[in-house]
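Breakdown of the fold
What follows is each chain in one-letter form.
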Amino acid sequence: MSPEHPSTRPVVPYAAWPSPISTAHVARAGVRLGFPTVLGEEVWWTEDRPSEGGRTTIVHRTAGGTHHELLAAPWSARTRVHEYGGLAYVVVPGVGVVFANLSDQRLYLLPPDGEPRAITPEPDRPAGVRYADLRFHDGQIWAVQEQHHEDGKVVRAIVSIPLSDTGIAPGNGNGNGNGSDAGSGNGSEVRSDAEAGFENGSATETGLSSGFAEPRERVTGSDFYAFPSISPDGKHLAYICWNHPRLPWDGTEVRVTRLSDGTSWTVGGGVTESVIAPTWRDDRHLYVISDRSGWWNLHRIGVFDTSSQALCPAEEEFAGPLWQLGDAPYQVLADGRLAVLHGRGDLRLSLLDPETGTLTALDVPYDGWYPSLATDGRSLTGFAYGAAVAGSIVRVDTVTGRAESLHRDVDDLPDSAYLPTPRRVEIEGRFGRHVHATLYPPASPEAAGEGLAPYIIFVHGGPTAHSPTILDLQKAFFTSRGIGVADVNYGGSTGYGRAYRELLRGQWGIVDVEDTVATAEWLVQEGLADPARIAIRGGSAGGWTVMAACGTGGTFAGGVSYYGVSDLAQLNATTHDFESRYVEWLVGPHDPVLYGSREPLGHVDDVNCPMLLMQGLDDPVVPPLQSEAYATALAERGIPCTYLTFEGESHGFRRTETRSAALAAELAFYHQIFST
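Overview of the structure.

Overview of the overall build of the protein
Each helix and strand counted, the protein has 11 helices and 38 strands in total. Here the protein has a C-alpha radius of gyration of 25 Å; the compact-globule value for 676 residues is 26 Å, and the two agree. Projecting the C-alpha coordinates of the protein onto the three principal axes gives extents of approximately 70 × 60 × 50 Å. Across the protein, every contact between residues at least 6 apart in sequence was considered, and the portion connecting residues at least 24 apart equals 60%. With an accessible surface of roughly 23900 Å², the protein has 49% of that area assigned to carbon and sulfur atoms. Side chains of the protein give 50 positive and 83 negative charges; the mean places of these two sets differ by 2 Å.

The structure is reproduced here in structure tokens:
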């Protein structure tokens, strides 16, 4: 339908506009494409399937352009390392795909024209040994291993797994999930699957047996590891590591281990410097991303003399926070240039000459990219997005600049007239602090509103995270019905430098709440929103902010929390190891008085608006007790509260039926609070 002239559109009450975007439409759209791999003309990526219980499959695009789903149900290529997972597969040329299976966390080999079979032993505890950040080099799988023991202790290491021990005799090609040693653009030869025999191989031809491979520990002793990377000559392993109580955006070290004798040394980073993504330039130098300047910028460092040079100093970010293992925010091309992502907020794609520091933007029709690039030396493949184009696995020819969408995350987009046009704004918050936000005004070709529109403040999770300006049918679901959206990247969000990120240090429940309230007040001051019809919604850490903000006065007409944190002591007692010290950074060491003054559960008496709480019953990150305790406390005070639970859902709803039901409940909630 073409949009009519505004004067001819009928006036319909806000929140009641007709819309073609249904809850089912939104639920089906969340396929979550990611972690591309490139070998020659072949491309692989992961793809969530909400309609199949949220499982993750691997899709293979052949040189001829046909797509094949490699994993049938019930297989799911998803790792639980750090509970947030990450890169869970690697392509082994001539052999098949090795992946971590969600249900038992063992590594499996999927050969061409065969069924998956385990290549790592069954652990003593179910899913007690996990693998992520998979790479392939010289006949071995390299990975970050995470072991969960009966006493609750979690131990991590970088391990290698010889495929020959499993009866597999692969060639010497190298590969990993984001651009292999062979496909990272360092000048080494890259073979396509057809050349390597991937498509034509069989279980018999590759010599598979029923043997299991015992992982060999290569590096251990630190609490956390990421980015294992083998030097071109195969003699050294580079990686990053860090220890409690830090998280990877606080302080990490880049270390190198000599594989012949296990000798290790630090070449960069520290307690107050976040260094990530080491990639070998040659046998004596690494590229890394460091925030020593206050921004995550690219550097070249010496492996043996620890010399360091900033390649393109800029008050921009060249990476994002390491929530998932296996990110690849840049790649080395065959001609020595670097394909990089950089910017404030959204990350755009450019080419960087490391010798001159010249940064050349690539003119592609996308507003941003996720930090997971792969390359064959000339072309780049990654997940790109825009405000009005579907998020896609995109291949870009770095010579011609041609961009080709290989696969989209939404098959049937509505007419663009129903999609909101985002507007980035900087709001002056408390004490003159800048607050970054994006507005998504109501938009429809079928209806016009009269007076001031209702608005929803969206609060992202994390809280060390960022909300991009990606086309989001969930937002369009509301804006096409006459409900505006303001998406807040409050103080503590990434994308705006370390100083902005650290505004939340010790201030969780203060800065995030102040910035969301300031956004609501700004909407009123600008004459955009009806002050009596502003709601707030968020998930996880965003749910914490929702509950905390609803206890600060009469700013919000209601709040919607998805698996939100309400009780800090309980969170510390039940959360997983990766985040087990996060609260210390966000609030401070355990102190009942301090925690009680900050947590939403301690301010239930100040809540005077209705609440909707939704929770997955299998959530290991924020267990159901958090939402249950808050719902019970509201009920005891007589505050209207609806608490909905979903069996089989973890942290972040993945199933189509769950997403659809949750969104329908949320819309019904807004209809109720906006009509009173």
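More follows now that the structure is in view.
A short note on the sheet that holds strand β35 (residues 529–539)
On the basis of which strands lie adjacent, the open sheet formed by 8 strands has the order β31-β32-β34-β33-β35-β36-β37-β38 and mixed pairing. The open sheet terminates on both sides in strands that have one partner only, identified here as β31 (423–428) and β38 (641–646). On average, each strand axis in the sheet is inclined to that of its neighbour by 20°, with strand direction left out of account. Of the strand pairs in this sheet, strand β37 (residues 611–616) and β38 are connected by 6 bridges, and their pairing is parallel. Looking at β38, one finds that Leu 613 is bridged to Tyr 643. Contacts from helix α11 (residues 656–674) reach β33 (453–459), β35, β36 (558–562), β37 and β38 within the one sheet, and its direction differs from that of β36 by about 170°.

A closer look at the pairing of β31
Of the strand pairs in this sheet, β31 and strand β32 (residues 434–440) are connected by 6 bridges, and their pairing is antiparallel. Bridge pairing links Glu 428 to His 434 in β32. Following β31, the chain reverses through 5 residues before pairing antiparallel with β32; Phe 431 in that reversal takes a positive phi of roughly 60°.

Thoughts on the pattern of salt bridges
Going through the model one piece at a time under the given rule, you end up with 41 salt bridges. With a closest N to O distance of 3.2 Å, Arg 49 and Glu 47 form a salt bridge. With respect to burial, Arg 49 and Glu 47 carry one shared label: buried. The residue Glu 514 makes a salt bridge to Arg 433 at a minimum N-O spacing of 2.9 Å. One end of the pair, Glu 514, is in helix α5 (residues 511–525); the other, Arg 433, is in the loop between β31 and β32, and 81 residues separate them in sequence. Residues Glu 514 and Arg 433 agree in their burial class; the two are buried. Via salt bridges that share partners, Arg 80, Glu 83, Arg 130, Glu 146, Arg 156 and Asp 577 belong to a single interconnected network.

Observations concerning the packing of α5 against helix α6 (residues 541–549)
Relative placement of two packed helices is described by the angle separating their axes and the distance separating the axes. Packing of α5 against α6 leaves a shortest axis separation of 9 Å and a crossing angle of 70°. One way to sum up the angle between α5 and α6 is to call them roughly perpendicular. For α5 against α6, the interelement crossing comes out right-handed. Of α6, the residues touching α5 (which contributes Asp 512, Val 513 and Thr 516) are Trp 544, Thr 545, Ala 548 and Ala 549. Among the residues making up the contact of α5 with α6, the classes are represented as 4 nonpolar, 2 polar and 1 charged.

Comments concerning the sheet that holds strand β21 (residues 308–310)
The strand order across the open sheet formed by 4 strands is β18-β19-β20-β21, and the pairing between neighbours is antiparallel. In the strand order of this sheet, the two ends are held by β18 (275–282) and β21, each with one partner. On average, each strand axis in the sheet is tilted by 25° relative to the strand beside it, whichever way the strands run.

Observations regarding the nonpolar core
If you look at the biggest cluster of nonpolar residues, it comprises 107 residues, and the most contacted ones within it are Leu 286, Leu 298, Ile 457, Trp 508 and Met 611. Ranked by size, the runner-up nonpolar core spans 33 residues in total, among them Val 26, Ala 390, Tyr 440 and Ala 557.

Comments concerning the pairing of β37
Of all 6 residues in β37, 6 are buried; the element is thus mostly enclosed. Residues Met 611, Leu 613 and Gln 615 of β37 are buried on one face, and the alternating residues Leu 612, Met 614 and Gly 616, pointing to the opposite face, are buried as well. The sheet contact formed by β36 and β37 spans 4 bridges and is parallel. Bridge pairing in β37 places Val 560 opposite Leu 612. In this fold, the crossover linking β37 to β38 by way of helix α10 (residues 625–637) has right-handed handedness.

Brief notes about the side chain of Arg 218
Checked against the element boundaries, Arg 218 lands in strand β13 (residues 216–220). Summary of buried charges: Arg 218 has no salt-bridge partner, and the nearest side chain of opposite charge, Asp 138, is 8.2 Å away.

Here we look at empty space enclosed by the protein
Take a probe with the size of a water molecule and roll it over the atoms, and the empty space left behind shows itself. Overall, the coordinates contain 4 cavities of 30 Å³ or more when judged by the stated rule. Approximately 130 Å³ is the volume attributed to the largest cavity. In terms of lining residues, the largest cavity is bounded by 16 residues, among which Trp 508, Val 565, Leu 571, Glu 579 and Tyr 582 are the most central. The set of elements that each furnish at least two residues to the lining of the largest cavity consists of α7 (568–574) and α8 (582–586).

Points about the side chain of Thr 46
Following the sequence through the fold, Thr 46 ends up in strand β2 (residues 42–49). Look at Thr 46 and you get buried, because its relative accessible area is 8%. In contact with Thr 46, not counting residues within four places along its chain, are Arg 32, Leu 33, Gly 34, Phe 35, Thr 56, Thr 57 and Tyr 89.

Section: α5
Between its terminal C-alpha atoms α5 stretches 20 Å, which fits the 21 Å expected from 15 residues at 1.5 Å a residue. Of all 15 residues in α5, 12 are buried; the element is thus mostly enclosed. Among all positions in α5, only Val 511, Asp 512, Val 513, Glu 514, Asp 515, Thr 516, Val 517, Ala 518, Thr 519, Ala 520, Trp 522 and Leu 523 are buried. Downstream of α5 by one or two residues, Gly 527 has phi in the positive range, about 70°.

Here's the deal with α6
Most of α6 sits inside the fold, with 9 of its 9 residues counted as buried. Among the residues of α6, those classed as buried are Ala 541, Gly 542, Gly 543, Trp 544, Thr 545, Val 546, Met 547, Ala 548 and Ala 549.

Some words on unusual backbone geometry
With an omega of 5°, the peptide bond running from His 244 to Pro 245 counts as cis. For Pro 245, the location among the structural elements is in the loop between β15 (236–242) and β16 (253–258). The omega torsion of the bond from Gly 462 to Pro 463 falls at 0°, within 30 degrees of zero and hence cis. With respect to the element layout, Pro 463 can be found in the loop between β33 and α3 (473–479). A positive phi is found at Phe 431, a non-glycine position, where the angle reads about 60°. Within the secondary structure, Phe 431 sits in the loop between β31 and β32.

The rules we used
- Residues numbered from 1 in each chain as written.
- Predicted model: local features only at pLDDT ≥ 70, side-chain atom pairs only at ≥ 80, totals over all residues.
- Heavy atoms only, no water.
- Helix = DSSP H or I, 4+ residues; strand = E, 2+ residues; numbered from the N terminus.
- Rg over C-alpha atoms; globule rule 2.2 N^0.38 Å.
- Contact = heavy atoms within 4.5 Å.
- Areas by Shrake-Rupley, 256 points an atom, 1.4 Å probe, with all protein chains shown as cover.
- Lys, Arg positive; Asp, Glu negative; His and termini not counted.
- Charge placed at Lys NZ, Arg CZ, Asp CG, Glu CD.
- Pairing = 2+ DSSP bridges.
- Axes fitted to C-alpha atoms, helices over the stretch in contact; angles between N-to-C directions.
- Salt bridge = Lys/Arg side-chain N within 4 Å of Asp/Glu carboxyl O.
- Buried < 20%, exposed > 50% of the residue type's maximum accessible area, 1.4 Å probe, protein only.
- Parallel < 35°, antiparallel > 145°, perpendicular 65-115°, else oblique.
- Left-handed = near helix turned anticlockwise from the far one by under 90°.
- Nonpolar A, V, L, I, M, F, W, Y, C, P; charged D, E, K, R; others polar.
- Core = buried A, V, L, I, M, F, W, Y, C linked by side-chain atoms within 4.5 Å.
- Right-handed = clockwise from strand over helix to strand, strands pointing away.
- 1 Å grid on protein atoms, 1.4 Å probe; cavity = no way out; pocket = protein on both sides within 12 Å on 5 of 7 lines; lining within 4 Å.
- Points joined across faces, edges and corners; volume = space filled by probe spheres on them.
- Expected span 1.5 Å × (residues − 1).

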